[in-house]
Structure formats: C-alpha cells, structure tokens
Amino acid sequence: MAVKGSVPYDPQNVFARILRGELPCNKVYENDYVLAFHDIAPKAPIHVLVIPKAPYVSFADFSQNASEAEITGFTRAVGQVARILQVDGPGYSLLSNVGEEGGQEVPHFHVHIFAGRALGPMLPE
C-alpha cells in the first residue's frame, strides 16, 4: 500500500520496529546515522535498504528537516555500503520512492541499493 510522502511519522512502521530491535534484520552496515540491511523480498540478486536512524517519512521530509550531519552521514553511508557489497565497480542502482505516485510503501525514508545483474533502463517503456 502506497503512503503519502508528507504524512506524520508513524513510530510503528516496520523500519522503526527494526531500529528498536523489535524485528530482526540481516544487517550489512550501521553507524550513528543509518542502518543498512538486506531486503526480505529482494528484487535483484543484491537488494539492500539504507535507512536513517531518525524518524523521517520520505526524502522530501529528510532533505528539508535533517541536519547537515545526518545528510552527510547518510550519503556517505550509502557509498560505504556499496563498497562493502563490492558493487561500486560493476555498478548498481539507487532508488527512493516518495509518496503514493512514487510507490512508497513504508513511511520511513529509505534508499534501495540494487545490484548483482544488469538492471536495464530506469523505468519500463
């Protein structure tokens, strides 16, 4: 179910529950600002989610309200995760869905890292 990109933060969303340790995850990386883990329903051979530890609903919310340290920490963490996964050489795709029309399903900002095969064009023709 798609969500709006500007709704109030829901502290019971699945990513908030993972951050609190209420649900398990297959962790790839963690620092003061982010947690990265494998998606439970991968859409590519490598499918990792990178989420901020702070409660932001979407990229729109994050880009407007996060501190400079959070933005820098998040951005650098995405690059670090790609290096850990060893996909920075062959290539990968980043995706962040925002709002209903963007296909956002979890009301917590996150970036998908897809890799492990040729992924084709950005959007289907």
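Residues numbered from 1 in each chain as written. Predicted model: local features only at pLDDT ≥ 70, side-chain atom pairs only at ≥ 80, totals over all residues. Heavy atoms only, no water.

The protein carries the name Histidine triad nucleotide-binding protein in an unreviewed UniProt entry, which gives Gluconacetobacter entanii as its organism.

Q: Report on unusual backbone geometry, specifying residues and quantitative values.
A: What is expected of a backbone is that most residues other than glycine have negative phi and most peptide bonds are trans. Positive phi, normally seen in glycine, also occurs at Gln86, with a value near 60°. Turning to its location among the elements, Gln86 is positioned in the loop between helix H3 (68-84) and strand S4 (93-95). (Helix = DSSP H or I, 4+ residues; strand = E, 2+ residues; numbered from the N terminus.)

Q: Got a sec to walk through the pattern of salt bridges? Specific residues and values, please.
A: Evaluation of the coordinates by the stated rule reveals four salt bridges. Measuring nitrogen to oxygen at the nearest pair gives 2.9 Å for the salt bridge that ties Lys27 to Glu30. Overall, the relative accessible area of 47% leaves Lys27 in the partly exposed class. (Salt bridge = Lys/Arg side-chain N within 4 Å of Asp/Glu carboxyl O. Buried < 20%, exposed > 50% of the residue type's maximum accessible area, 1.4 Å probe, protein only.)

Q: Please set out the side chain of His108 residue by residue, giving values where relevant.
A: Its location among the elements puts His108 in the loop between helix H4 (99-102) and strand S5 (111-115). Residue class for His108 comes out buried when judged on its relative accessible area of 0%. Here His108 is in contact with Tyr9, Asn13, Phe15, Ala16, Leu19, Ile51, Pro52, Ala54, Pro55, Tyr56 and Val57, once residues within four sequence places are set aside. (Contact = heavy atoms within 4.5 Å.)

Q: Go over the sheet that holds strand S1 (residues 27-30) with me, naming the residues and quoting the values.
A: Overall, antiparallel pairing links the five strands, which are arranged S1-S2-S3-S5-S4 in an open sheet. Lying at the two open borders of the sheet, with one neighbouring strand each, are S1 and S4. Strand after strand, the sheet turns through a mean of 20° between neighbouring axes, direction not considered. When strand S2 (residues 34-38) meets strand S3 (residues 46-52), the two strands line up antiparallel, connected through five bridges. Across the sheet, the residue bridging to His38 is Val48, located in S3. (Pairing = 2+ DSSP bridges. Axes fitted to C-alpha atoms, helices over the stretch in contact; angles between N-to-C directions.)

Q: Help me get a handle on the pairing of S2, residues and values and all.
A: S2 sits mainly inside the fold: four of its five residues count as buried. In this antiparallel pair of consecutive strands, S1 and S2, the connection spans three residues.

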